[in-house]
Amino acid sequence: MRSPDGGPEVPAEVFLAVRDLAKSFGRLGLFRGVSFELSPGEALVVTGRNGSGKSTLVRILCGLLRPTRGSIEYRVGERLVPGRDVKRLVGLVSPDLVLYEELTLLENLRFFARVRGLRRSDMELQTLLTQVGLESEGARRAGTLSTGMRQRLRFAHALLHEPPVLLLDEPTANLDDAGVAMARACMARQRSRGILVVATNNREELELGDQILRLGG
Amino acid sequence: MAEAGAVFLKDLQQELRNRYALNAMALFAITTLVVVGFAVGSQALPASVVAALLWVVLLFTAVASLSRVFLREEETGTALALRLAVEPEHVYLGKLLFNVVLLGAMALVVAPLFLAVMQARVGNPGLLALVLLLGCIGLAAASTIVAAIIARAAARGALFGGLAFPLLLPVLIAATGGTTRALEGAPLGAAWAELRLLLSFGVVMITASLLLFEHVWNE
Amino acid sequence: MERIGLSTGWRIVCGAWMAGVIAAAFIGVGPAAGFREPEAARILFFHVPVAWLAVLGFLGATFHAVRYLRRRNPAADIRAVASAEMGFLFCVLATLSGALFARVQWGAAWNWDPRQTSIVALLLVYAAYFTLRSAVAEPERRAALSAVYAIVATLPMLFLVFILPRVVESLHPADTVRSGGMSPDYRVVFFAALGAFTLLYLWIYRLRVAVGELERVACRHSMK
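Quick caveat, the model's predicted, so the values are computed rather than measured.

Each helix and strand counted, chain B has nine helices and zero strands in total. The C-alpha atoms of chain B give 18 Å as radius of gyration, which agrees with the globular expectation for 219 residues (17 Å, within 12%). Structurally, chain B occupies a C-alpha span of about 55 × 35 × 30 Å along its principal axes. The proportion of buried residues among the 219 residues of chain B is 53%. Intrachain contacts of chain B at a sequence separation of at least 6 include 86% that bridge at least 24 residues.

Structure, rendered in structure tokens:
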């Protein structure tokens, strides 16, 4: 992870500990008793039938949703990361994630880099687009992309700030074989440098995890 | 602060590319001008009435368009990405700036047109400009936080006017008073109470909104 | 059996006190000089306290709103709504009694008097508050959004109720109570009325809070 002013690499040893997590919406209970721990280099696969709460769990891990019970702790070294700052550590790929249709891909990435306080040159953004297979689409408006390309763009957006924690919700949905290869490459790269969490029902992806969490059991 | 600027520029870029709000506001303003013009005809109206009508037009223009800034993010689904990337204060400041600029630009066009249609004489243009500026800031400040609130509720657009109007009454009262003085040609000092009120309203509303915004924005 | 609201003793006090105030208002004091319809001046024993409590209800809602946002404590939200409902009720009473008085004293039920306008504006704020609450399904979000609205509405409300009538010419007599424009016997009944209505306010408020707490417990039980 680079330091905020775009300087040299700063090792980010982020640890995640989840204890007895439960979530319910009003009277509808989704899941309970979820616990796991992840260290850098480890991957968790979350699986379960539709509606079992996979996406909700991912949202909670992003710091966007509060759990009904239980705790989530992100630690950098010994320091506990406060709730506000969790989103800086986390990159998300999710079907709900939509980028700005009227802006081009490069404009979108430029915007998200700027609001995160990152200094990224256009060349670096172009490299990122190449990494996800969108190298010639930089000047296209995001609204004109196909579903497969949108998914690739989501990866570019998630990796923009080189997050220590990558959360993927249905990562290979809508991707062709080349796209799936790209996704697998990203996952492998993430595992070598940080934490990976994948929510999926895809049997092949189940093999990727050091730990497997089944919801709705 | 640069982050807030980025949010502002992003919204500006979006608006310039599809112009929904600008079009809606322009259409609304022109239509209202024509209607009022017809209704009034060639009567000479007292300054207080002209002032009141002007601010009614601006108020309705504000209510017609200032909620877009948050509604669009929620409706298109881009709010998720924004929540993940930006601190709440920067979101608020960026959106506030956008609304101020949007409303201010509208006022810059509508006010002279309106006064021309009314055949009103402007005694103190400097004072009028100042009242318009502070009034628009006040309208935008209250409207922005209300827009943020209703974007997270169900009925959304329908709620905006009802929730915003009571909060905007003080701006309306002070701005109308100040505009009346300006039209009558009174010196700056005569509208001191109104100007002071508009300024303090804006400051307090923005400060309170900054402090409260994260409770609206975060889940 | 546990009594909610007020204890039996206080209920008797409230009832007797209110009865006394009503009696005093109509029989105990004579007609007031300086009013267009001197007999009708008695309405101020009811109108002014009720208007005061309408404002108090709003301030209470704001107070509990701040408490809710600090700790996300559901009990604070219950009290915020209860205060708002009480304030709304008294606001309606204030508007109606005010219009009645205006008709008699000033000739028309509505005069665009700043105080009249401000009490109606307050009514609109209450209406907006409840409309907002009804538009949000999830309890925590409902509580948070309405809390923010209540706090944001405080400045405009304070301005309209307290500052505006002093700045703009008003038909309402200003500061009659403090400046001593009231005769001694009127003053006694007035403050007694203020006390009686406040007690009544508290009684109904506590009942409402108790109902809210019971609802919350029932909700939790049905979830288990």
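And the narrative resumes.
From N to C terminus, chain C includes seven helices and zero strands. Across the 224 residues in chain C, those meeting the buried criterion constitute 37%. Of the contacts formed within chain C by residues at least 6 apart in sequence, a portion of 75% connects residues at least 24 apart.

Before going further, it helps to examine the interface of chain B and chain A. Listed per partner, the contact involves 20 residues of chain B and 21 residues of chain A. Among the secondary structure elements, those contributing two or more residues to the side of chain B that touches chain A are α1 (2–18) and α5 (79–85) of chain B. The element that contributes the greatest number of residues to the side of chain B that touches chain A is α1 of chain B, accounting for nine residues.

Here we come to the pairing of strand β1 (residues 14–25) of chain A. Residues and elements named next belong to chain A. Sheet topology places β1 next to strand β4 (residues 69–76); seven bridges connect them, and they run antiparallel. Residue pairing across strands places Ala22 opposite Arg69, the latter belonging to β4. Counting the residues in the hairpin turn of β1 and strand β2 (residues 28–38) gives two residues, including Gly26, whose phi is positive at 60°.

Another aspect to go through is the sheet that holds strand β7 (residues 165–169) of chain A. Residues and elements named next belong to chain A. Across the sheet, five strands lie side by side as β6-β7-β8-β3-β9; this open sheet has parallel pairing. The open sheet has two edge strands with one neighbour each: β6 (90–93) and β9 (211–214). When the angles between neighbouring strand axes are averaged without regard to direction, this sheet yields 15°. Examined bridge by bridge, strand β3 (residues 43–47) and strand β8 (residues 195–199) share four bridges and lie parallel to one another. Paired with Leu44 across the two strands is Val197, which belongs to β8. Relative to β7, helix α1 (residues 54–62) is tilted by about 160°, and along the sheet it contacts β3, β6, β7 and β8. Its contacts with the sheet put helix α5 (residues 147–159) on β6 and β7, and the angle it makes with β6 is roughly 175°.

Once that is clear, we can look at the interface of chain B and chain C. Across the contact, 23 residues belong to chain B and 24 residues belong to chain C. Take the side of chain B that touches chain C: its biggest share by element is nine residues, from helix α8 (residues 157–184) of chain B. The residue inventory of the side of chain B that touches chain C, partitioned by class, reads 19 nonpolar, three polar and one charged.

Moving on, we get to the sheet that holds β1 of chain A. Across the sheet, which stays open at both edges, the four strands sit in the order β2-β1-β4-β5 (chain A) with antiparallel pairing between neighbours. Two strands lie at the open edges of the sheet, namely β2 and β5 (79–80) of chain A, each paired on one side alone.

Turning our attention to the environment of Val197 of chain A. Residue placement: Val197 of chain A occurs in strand β8. When neighbours within four sequence positions are excluded, Val197 of chain A is seen to be in contact with Leu44, Val46, Leu61, Leu167 and Leu168 of chain A.

Before going further, it helps to examine the environment of Ala6 of chain B. Residues and elements named next belong to chain B. Assignment of secondary structure puts Ala6 in helix α1. A tally of 22 C-beta atoms within 10 Å means that Ala6 is categorised as buried. Separated by 88 residues in the primary sequence, Ala6 and Gly94 place their C-alpha atoms 7.3 Å from one another.

Let us look at the confidence of the model for chain C. Residues and elements named next belong to chain C. Overall, the prediction assigns chain C a mean pLDDT of 85, with 88% of residues at 70 or greater. For chain C, the element scoring lowest by mean pLDDT is helix α6 (residues 176–179), at 54; helix α2 (residues 44–71) scores highest, at 93. Of the two predicted TM-score estimates for the complex, the pTM is 0.90 and the ipTM is 0.92.

All names here are of chain B. Running from N to C, α8 and helix α9 (residues 192–217) cross one another at 150°; their axes reach a closest spacing of 9 Å. As for the relative orientation of α8 and α9, their crossing is left-handed in sense. Counted together, Pro170, Val171, Ala174, Ala175, Gly177 and Gly178 of α8 and Glu194, Leu195, Leu197, Leu198 and Phe201 of α9 form the full contact between these two elements.

As a further point, take unusual backbone geometry. Its identity is not glycine, yet Glu170 of chain A carries a phi of approximately 55°, on the positive side. Position of Glu170 of chain A relative to the elements: it lies in the loop between β7 and α6 (177–193). Classification of Glu170 of chain A as partly exposed rests on a count of 19 C-beta atoms within 10 Å. Of note in the backbone geometry, Gln119 of chain B takes a positive phi value of approximately 50° without being a glycine. Note that Gln119 of chain B resides in the loop between α6 (88–117) and α7 (125–151). Residue classification places Gln119 of chain B among the partly exposed residues on the basis of 13 C-beta atoms within 10 Å.

Moving on, we come to the pairing of β2 of chain A. Look at any regular strand and the pattern is simple: side chains alternate between the two faces of the sheet. The sheet contact formed by β1 of chain A and β2 of chain A spans seven bridges and is antiparallel. Following the sheet pairing, Val18 of chain A is matched in β2 of chain A by Phe36 of chain A.

Glancing now at helix α4 (residues 114–134) of chain C. Given 3.6 residues per helical turn, the α-helix brings residues three or four places apart onto the same face. Over its 21 residues, α4 of chain C runs 30 Å from end to end, which matches the ideal 30 Å to within 8%, given 1.5 Å per residue. Within the sequence span of α4 of chain C, burial applies to Pro114, Arg115, Gln116, Ser118, Ile119, Ala121, Leu122, Val125, Tyr126, Ala128, Tyr129 and Leu132 of chain C. Check the buried side of α4 of chain C and you find it contacts α8 of chain B together with α2, α3 (74–106) and α5 (139–167) of chain C.

Quick look at the packing of helix α2 (residues 20–40) of chain B against α6 of chain B now. Residue and element names in this part refer to chain B. Where α2 meets α6, the closest approach of the two axes is 11 Å, and the angle between their N-to-C directions is 20°. If you check the angle between α2 and α6, you find them roughly parallel. In the crossing of α2 with α6, the sense of the turn from one axis to the other is right-handed. Touching Ala21, Met25, Ala29, Leu33 and Gly37 of α2 are Leu102, Met106, Val110, Leu113, Phe114 and Val117, all from α6.

The next subject is the confidence of the model for chain B. Taken over all residues, the pLDDT of chain B has a mean of 91, while the share at 70 or more is 100%. Across chain B, the element-wise mean pLDDT spans from 84 in α2 of chain B up to 95 in α7 of chain B.

Conventions we followed
- Residues numbered from 1 in each chain as written.
- Chains lettered and ligands numbered in written order.
- Predicted model: local features only at pLDDT ≥ 70, side-chain atom pairs only at ≥ 80, totals over all residues.
- Helix = DSSP H or I, 4+ residues; strand = E, 2+ residues; numbered from the N terminus.
- Rg over C-alpha atoms; globule rule 2.2 N^0.38 Å.
- Buried ≥ 20, exposed ≤ 12 C-beta atoms within 10 Å, placed from the backbone.
- Contact = placed C-beta atoms within 7 Å.
- Pairing = 2+ DSSP bridges.
- Axes fitted to C-alpha atoms, helices over the stretch in contact; angles between N-to-C directions.
- Nonpolar A, V, L, I, M, F, W, Y, C, P; charged D, E, K, R; others polar.
- pLDDT = per-residue confidence, 0-100.
- Left-handed = near helix turned anticlockwise from the far one by under 90°.
- Expected span 1.5 Å × (residues − 1).
- Parallel < 35°, antiparallel > 145°, perpendicular 65-115°, else oblique.

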